[in-house]
Amino acid sequence: MIGPDDIPVLPRGVRLHRDRVRGGWVLLAPERTLALDETGRAILAEIDGIRSFAAIAAALAAAYDAPEAEIAADSQGFLGALLDRRFLEIRQ
Amino acid sequence: MSVPPPIAMLAELTHRCPLACPYCSNPLELTRKDSELDTAAWADIFRQAADLGVLQLHLSGGEPATRRDLTDLVAEARAAGLYTNLITSGIGLTEKRLRALDAAGLDHIQLSLQGTDAAMADRIGGYHGGFERKLEVARLIGQIGFPLTLNAVLHRQNLHQLPRAIEMGVEMGARRIEVATVQFHGWALKNRAALMPTRAQARAADAAVAEARARLKGVLVIDYVRADYHSDYPKRCMGGWGTTGLNVTPEGTVLPCHAAQTIPGLVFDSLRDRPLAGIWYEGAAFAAYRGTGWMREPCSGCERKTVDFGGCRCQAMALAGDPAAADPVCIKSPHHAALLARAEAFAATEAPEILWRAAAG
Ligand code: SF4
Ligand code: SF4
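The structure displayed is predicted, hence computed values, not measured ones. (Residues numbered from 1 in each chain as written. Chains lettered and ligands numbered in written order. Predicted model: local features only at pLDDT ≥ 70, side-chain atom pairs only at ≥ 80, totals over all residues. Heavy atoms only, no water.)

(A) Up close: the overall build of chain B. Each helix and strand counted, chain B has 14 helices and nine strands in total. In terms of overall dimensions, chain B is globule-like: its C-alpha atoms have a radius of gyration of 20 Å, near the 21 Å expected for 361 residues. Its C-alpha atoms give chain B principal-axis dimensions of roughly 55 × 45 × 40 Å. Counting over 361 residues, chain B shows a buried share of 58%. The long-range share in chain B, meaning contacts at least 24 apart out of those at least 6 apart in sequence, stands at 73%. (Helix = DSSP H or I, 4+ residues; strand = E, 2+ residues; numbered from the N terminus. Rg over C-alpha atoms; globule rule 2.2 N^0.38 Å. Buried < 20%, exposed > 50% of the residue type's maximum accessible area, 1.4 Å probe, protein only. Contact = heavy atoms within 4.5 Å.)

Laid out in structure tokens, this is it:
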């Protein structure tokens, strides 16, 4: 599970892509395409390989005017699933 | 039904290949080099594909590395906005070429594994020294940093090597391994007796995958296609005929799946005559088995009809002699019992010598 000090990074070969035909955003990964909802895209757009998970959750909470704990819990589930599928990596 | 845009395109850049795998998915009638599309034609097709909605491009063959313009093709595909995946045996990829592919923006490499030691791999691939070469290519891939998927086709002769294949995936730093039990059409159909796994082998593979998945969670993703002869229901093929993906042959013919040409009576369009969008949305071969309208009993009244879409059309053709029949793998198919008996009979015989695929001219 992703901890507050962990720094999430999208590894090489995993990238956000605007789907100009269907509209919206997708995450392109080796042999997989994940359609992203607004929340998923917002979380992934914050990942810069520099800031920790705690910092990202705080930024999202501020941007969406939502409780930080709630945002952290939601993002943790989403990012955890990406970790398991190797679409995401952690830098400590 | 309203037709969604395709997500994936498999570009068979060439049928030429230094290997000669006995289960090769290329057709028995291989395209010659002088009929292959040139760089500009492929670049135009990549742009058409991206405009149509394709996101993922699989550069395949034959061996795509036998195309001298492979790096240019990758650059063109990236410029068109496609995610580029190279499906290769590794033969023909030198360090210099891999670095050029890196600079061209290649996103991902899928490396095929014919066996887990030189004796097995070089015999199945019919290419001496191929295994050593592949290990070297895997090392270079890791060094450059390409994301890697290992891809192993399993059959009676090499199924016992599955645990070692998974270990090799970890050692090579692959993120994924795809293990697929051989599908019987094309060249593989000629080798059924040599390649048909036994039921015991299929069970051992199931167990090995389950164990490795639990142990390697978050380390190595294992995609596993089990022997469908030993399942009750067929798999959805190509995500549903004409709904998710398409194939382009080396000469520019567009197919709903790589084996679609084994179905007599289907008419395929060529990109030399018609744009891709027209072929996808209006082409006769795509319309033929799209959705559920073409189905008959037992599929038409079945609650799984939009789950598996009746399974594989090419398998129905090959094994039931009728492309609109239920996939004979299905327990509801009248051909199921005979199919199972035949599969067991093939698996029970002394395995004959394998027959390698021919070379493309
Ligand atoms: S299956 Fe084997 S022979 Fe066929 S294209 Fe792939 S590597 Fe070549
Ligand atoms: S009857 Fe047809 S739709 Fe139903 S499970 Fe079998 S193959 Fe699939």
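This is not the end of the story, as more comes after the structure.
(B) Focus on the site of ligand 1. Taken together, C17, L19, A20, C21, C24, G62 and R357 of chain B make up the full set of residues adjacent to ligand 1. In terms of residue class, the shell around ligand 1 is built from five nonpolar, one polar and one charged. (Near = heavy atom within 4 Å. Nonpolar A, V, L, I, M, F, W, Y, C, P; charged D, E, K, R; others polar.)

(C) Representation of the site of ligand 2 within the structure. Around ligand 2, the neighbouring residues are Y233, P234, P298, C299, C302, R304, K305, D308, G310, C330 and K332 of chain B. Split by residue class, the shell around ligand 2 holds six nonpolar, one polar and four charged.

(D) How the structure looks around the side chain of D6 of chain A. All names here are of chain A. Counting through the fold element by element, D6 comes out in the segment before β1 (7-9). Buried within the structure, D6 lacks any salt-bridge partner; R91 is the closest side chain of opposite charge, at an N-O distance of 11 Å. Other than its neighbours up to four places away in sequence, D6 contacts M1, S52, F53, I90, R91 and Q92. (Lys, Arg positive; Asp, Glu negative; His and termini not counted. Salt bridge = Lys/Arg side-chain N within 4 Å of Asp/Glu carboxyl O.)

(E) Expanded view of the pairing of strand β2 (residues 56-60) of chain B. All names here are of chain B. Within β2, five of the five residues are buried, leaving the element largely enclosed by the surrounding structure. Where burial is concerned, the two faces of β2 agree: the one with Q56, H58 and S60 and the one with L57 and L59 are both buried. Pairing of strand β1 (residues 8-12) with β2 involves five bridges; the strand directions are parallel. Of the residues in β2, the one forming a bridge with A11 is L59. As defined by bridge partners, β2 adjoins strand β3 (residues 83-88) across four bridges and the pair is classed as parallel. Bridge assignment links H58 to a residue of β3, and that residue is N85. Crossover β2 to β3 through helix α2 (residues 70-79) is right-handed. (Pairing = 2+ DSSP bridges. Right-handed = clockwise from strand over helix to strand, strands pointing away.)

(F) Representation of the packing of aromatic side chains in the model. All names here are of chain B. Using the criterion set out here, one finds four aromatic pairs over all chains in the structure. Ring-pair connections join several aromatic residues into one group, and the members of that group are W241, Y289 and W294. One Lys or Arg, R290, reaches over the ring of W280 and ends 5.3 Å from the middle of that ring. Note that R304 overlies the ring of Y233, its terminal NZ or CZ placed 4.2 Å from the centroid. (Phe/Tyr/Trp six-rings, centres within 6.5 Å; stacked < 30°, edge-to-face > 60°. Lys NZ or Arg CZ within 6 Å of the ring centre and 35° of its normal.)

(G) Highlighting the UniProt feature "domain: Radical SAM core" (unreviewed entry) in chain B. Here the UniProt-annotated "domain: Radical SAM core" (unreviewed entry) positions come out as residues 3-220 of chain B. Taken end to end, residues 3-220 of chain B is 42% helix and 16% strand, and its first and last C-alpha atoms sit 35 Å apart. (UniProt positions renumbered as here; feature names shortened; annotations may be inferred.)

(H) Layout of the interface of chain A and chain B. Chain A puts 22 residues into the contact, and the matching count from chain B is 36 residues. For the pair chain A and chain B, the two sides together bury roughly 2200 Å², of which 45% comes from carbon and sulfur. Contact with chain B buries surface across chain A, with R12, E31 and R86 of chain A losing the most and accounting together for 34% of the total. D102 of chain B is the partner of R12 of chain A in a salt bridge, and the nearest nitrogen-oxygen pair spans 2.6 Å. Summed over the shared surface of chain A and chain B, the number is 17 residue pairs in polar contact (both at pLDDT 80 or more). Of all the secondary structure elements, the ones that give two or more residues to the side of chain A that touches chain B are β2 (15-18), β3 (25-29), β4 (32-36) and α3 (68-84) of chain A. It is β3 of chain A that provides the largest number of residues to the side of chain A that touches chain B, a total of three residues. Of the residues contributing to the side of chain A that touches chain B, the split by class is eight nonpolar, three polar and 11 charged. (Buried area = accessible area lost by both parts, 1.4 Å probe. Polar contact = N/O pair within 3.5 Å; in protein donor to acceptor, adjacent residues only side chain to side chain.)

(I) Seen up close, α2 of chain B. All names here are of chain B. Among the residues of α2, L70, L73, V74 and A77 are the ones counted as buried. End-on, the buried residues of α2 take up no more than an arc of 100 degrees, which puts them together on one face. If you follow the buried residues of α2, they end up packed against α1 (39-52), β2, β3 and α3 (95-104). (Arc of directions from axis to C-beta.)

(J) Here's a closer look at the packing of helix α1 (residues 38-46) of chain A against helix α2 (residues 53-64) of chain A. All names here are of chain A. Running from N to C, α1 and α2 point in directions that differ by 130 degrees, and their axes come no closer than 10 Å. Our classification of the angle between α1 and α2 gives oblique. In this structure, the crossing between α1 and α2 has a hand that is right-handed. Contact with α1, carried on its side by E38, A42, I43 and E46, involves I56, A59, L60 and Y64 of α2 and no other residues of that element. Residue classes in the contact of α1 with α2 are distributed as six nonpolar, no polar and two charged. (Axes fitted to C-alpha atoms, helices over the stretch in contact; angles between N-to-C directions. Parallel < 35°, antiparallel > 145°, perpendicular 65-115°, else oblique. Left-handed = near helix turned anticlockwise from the far one by under 90°.)

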